[in-house]
Protein chains: 2
Amino acid sequence: MKDQSTEENILKAAISVFQKKGMAGARMQEIADEAKINKAMLHYYYKSKQKLFEAVFRQAFEKFAPHINQVFNSDKTVFEKITEFTDSYISFVMENPYLPNFLIQEINNNPEFSDLFFGSEIAPNPARFKKQIAQEIEMGIIKPIDPKQLLLNLFSLTAFSFVGTGLVRGILDLDEKTFKSMMQERKILIPELLINSIKK
Amino acid sequence: MKDQSTEENILKAAISVFQKKGMAGARMQEIADEAKINKAMLHYYYKSKQKLFEAVFRQAFEKFAPHINQVFNSDKTVFEKITEFTDSYISFVMENPYLPNFLIQEINNNPEFSDLFFGSEIAPNPARFKKQIAQEIEMGIIKPIDPKQLLLNLFSLTAFSFVGTGLVRGILDLDEKTFKSMMQERKILIPELLINSIKK
DNA sequence: ACATTTATTAACCATTTGGTTAAACTATTT
DNA sequence: AAATAGTTTAACCAAATGGTTAATAAATGT
């Protein structure tokens, strides 16, 4: 661990606390403790809890969006996109286990303010992907399918295990080791499942 | 709306508030307001916020568990189970949109106390389903597959859209009407996808 | 009708929590 | 070295929040 500026330490601590506990459950004092600074510093650098939360939300969204954009805006084939997204997304989330849940939860709670992000530069835009699907159908590479349903399947299969970890592990009675090895297996299983279902 | 006992009104209001805002975000005063009673009544009938929350959690779990148990413990074939679960679960969640998210969120936050439920009578137990899969593989009805991965696929495909509604709708740019009609479509698409992937 | 238990309320209380302030301490500039 | 600007802290504050209490009202039993 390198020494960092106080402001960076605060954001780091805020990310950790907000992602685990959410806006409502997070405590400014806990963030200060984790950053090992006086609580007043939080307000010195970030004005209010809301502002600090927004900085954390933005950071999370910016880390997450590129994975979606890789699917939406790259020049790969649909098959390649499915394979590569699954692999890179599962790896990414295993390193950032609280991130998808955090995004989902806070977007559900603050639809009004998260709209800002969906209108922004960085926000994923599915238009190009839709065209690609239409083309590959035309070319006879894949069956006629609804691109939105395909994306929903892809996101569901990759993300749900992590968002609902506790429930999933409870229902299927999985220890952590088994869960992790299943997630590795899914890097293969998911593309197989999806590609088989759409290839002609 | 029928007249109900105060205790029932409180639980109903608590369900509504807790499921939307979670334990941390819920306010006792808001629950009292929604139940149109004095805040002291909450403690008169339910002792503390924690106890009231537990009643809400239990109710949610008891409403949710039968859907899983229908898959785990009925005498249907695997194909029938997939088809019927998808249909009934999507219908159920469209009527109770906050429930899956609430369960997931609170189980992630309180792993220790939600363990109580996974050890209980009502809790789903995958053992019988595992046997059934082994049998149907033996009988040559389905390909050799890991029952846990099949269940994970089924739960992911059905539940994720609802758990991550806000994020999904933001990324895919869906209005409410489109979202709902896609969910209806999924009652057909999901069984098709899963059954095709396992049938011999 | 009276007594007793049950239900309900308004007012209150202690703690928690986000946020402020004034003073001190540490660079940086001149 | 003095002045200035930036950083950090302890102490404090007001509002929100979960919870209690004592008095009252309504129902129930005798």
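Residues numbered from 1 in each chain as written. Chains lettered and ligands numbered in written order. Predicted model: local features only at pLDDT ≥ 70, side-chain atom pairs only at ≥ 80, totals over all residues. Heavy atoms only, no water.

**Student:** Can you walk me through the interface of chain B and chain A in this structure?
**Tutor:** Accessible area lost upon the coming together of the parts is a frequently used measure of interface size. The interface of chain B with chain A comprises 46 residues on the first partner and 46 residues on the second. Contact between chain B and chain A buries roughly 4000 Å² in total, counting both sides, with carbon and sulfur atoms accounting for 72%. Counting across the interface, chain B meets chain A through 11 residue pairs in polar contact (both at pLDDT 80 or more). For the side of chain B that touches chain A, the elements supplying multiple residues, two or more each, are helix H1 (6-25), helix H4 (49-73), helix H6 (99-109), helix H9 (147-163), helix H10 (165-172) and helix H11 (176-198) of chain B. Among the elements that make up the side of chain B that touches chain A, the one with the highest residue count is H9 of chain B (12 residues). Its residues assigned to classes, the side of chain B that touches chain A shows 26 nonpolar, 15 polar and 5 charged. (Contact = heavy atoms within 4.5 Å. Buried area = accessible area lost by both parts, 1.4 Å probe. Polar contact = N/O pair within 3.5 Å; in protein donor to acceptor, adjacent residues only side chain to side chain. Helix = DSSP H or I, 4+ residues; strand = E, 2+ residues; numbered from the N terminus. Nonpolar A, V, L, I, M, F, W, Y, C, P; charged D, E, K, R; others polar.)

**Student:** Can you help me understand the protein's contact with DNA strand D in this one?
**Tutor:** Neighbouring residues of DNA strand D: 14 residues in total, closest Thr6 and Met41 of chain A together with Arg27, Lys39 and Lys49 of chain B. At a separation of 3.0 Å, a phosphate oxygen of DNA strand D approaches a polar side-chain atom of Thr6 of chain A. Contact distances for DNA strand D include 3.2 Å between a phosphate oxygen and a side-chain N or O atom of His43 of chain B. Residues of the surface near DNA strand D, tallied by class, amount to 7 nonpolar, 4 polar and 3 charged. (Near = heavy atom within 4 Å.)

**Student:** What am I meant to see in the protein's contact with DNA strand C here?
**Tutor:** Not every one of the 14 residues close to DNA strand C is listed here, only the nearest: Arg27, Lys39 and Lys49 of chain A together with Thr6 and Met41 of chain B. Backbone atoms, meaning sugar and phosphate, form 60% of the atoms of DNA strand C found within 4 Å of the protein. Thr6 of chain B places a polar side-chain atom, nitrogen or oxygen, 2.9 Å from a phosphate oxygen of DNA strand C. Taking Tyr45 of chain B, its side chain carries an N or O atom lying 3.1 Å from a phosphate oxygen of DNA strand C. Broken down by secondary-structure element, the contributors of at least two residues to the surface near DNA strand C are helix H3 (39-46) of chain A together with helix H3 (39-46) of chain B. Grouping the amino acids of the surface near DNA strand C by side-chain chemistry returns 7 nonpolar, 4 polar and 3 charged.

**Student:** What am I meant to see in the domain arrangement of chain A here?
**Tutor:** All names here are of chain A. Structurally, chain A comprises domain 1 (1-47) and domain 2 (61-198). Domain 1 puts 5 residues into the contact, and the matching count from domain 2 is 4 residues. Across the domain 1 to domain 2 interface the summed buried area is about 430 Å²; carbon plus sulfur atoms make up 65%. Of all residues in domain 1, Gln19, Lys20 and Met23 bury the most surface against domain 2, accounting for 83% of the area lost on that side. (Domains from an automatic or database assignment.)

**Student:** Any chance you could explain the pattern of salt bridges here in plain terms?
**Tutor:** It is possible for side chains bearing opposite charge to pair when their charged atoms get close. Taken as a whole and assessed by the stated rule, the structure comprises 10 salt bridges over all chains. Between Lys148 of chain A and Asp146 of chain A there is a salt bridge, and its shortest N-O distance comes to 3.9 Å. Residue classification places Lys148 of chain A among the buried positions, given a relative accessible area of 19%. Using a relative accessible area of 23% as the deciding quantity, one classes Asp146 of chain A as partly exposed. Linking Lys76 of chain B and Glu84 of chain B is a salt bridge whose minimum nitrogen-to-oxygen distance equals 2.8 Å. (Salt bridge = Lys/Arg side-chain N within 4 Å of Asp/Glu carboxyl O. Buried < 20%, exposed > 50% of the residue type's maximum accessible area, 1.4 Å probe, protein only.)

**Student:** How should I be thinking about the environment of Glu121 of chain A in this particular structure?
**Tutor:** Following the sequence through the fold, Glu121 of chain A ends up in the loop between helix H7 (111-118) and helix H8 (127-138). Along the backbone, Glu121 of chain A and Asn38 of chain A are 83 residues apart, and their C-alpha atoms lie at a distance of 36 Å.

**Student:** Quick question: what am I supposed to make of the side chain of Lys81 of chain B here?
**Tutor:** Residues and elements named next belong to chain B. Structurally, Lys81 can be placed in helix H5 (residues 78-95). With no salt bridge to any partner, buried Lys81 finds its closest opposite charge in Asp75, at an N-O distance of 7.0 Å. Each residue touching Lys81, except ones within four places of it in the same chain, is listed here: Gln70, Val71, Phe72, Ser74, Lys76, Phe129 and Gln132. (Lys, Arg positive; Asp, Glu negative; His and termini not counted.)

**Student:** Help me understand the packing of aromatic side chains, please; the structure alone is not making it clear to me.
**Tutor:** For any two aromatic rings, the description comes down to two numbers: the centre-to-centre distance and the angle of the planes. Residue and element names in this part refer to chain A. Here the structure, examined in full by the defined rule, presents 30 aromatic pairs over all chains. For the pair Phe53 and Phe57, a centre-to-centre distance of 6.3 Å together with 40° between the ring planes defines the contact as tilted. One end of the pair, Phe53, and the other, Phe57, are both in helix H4 (residues 49-73), 4 residues apart, so they sit about a helical turn from each other. A single burial state applies to Phe53 and to Phe57, both of which are buried. (Phe/Tyr/Trp six-rings, centres within 6.5 Å; stacked < 30°, edge-to-face > 60°.)

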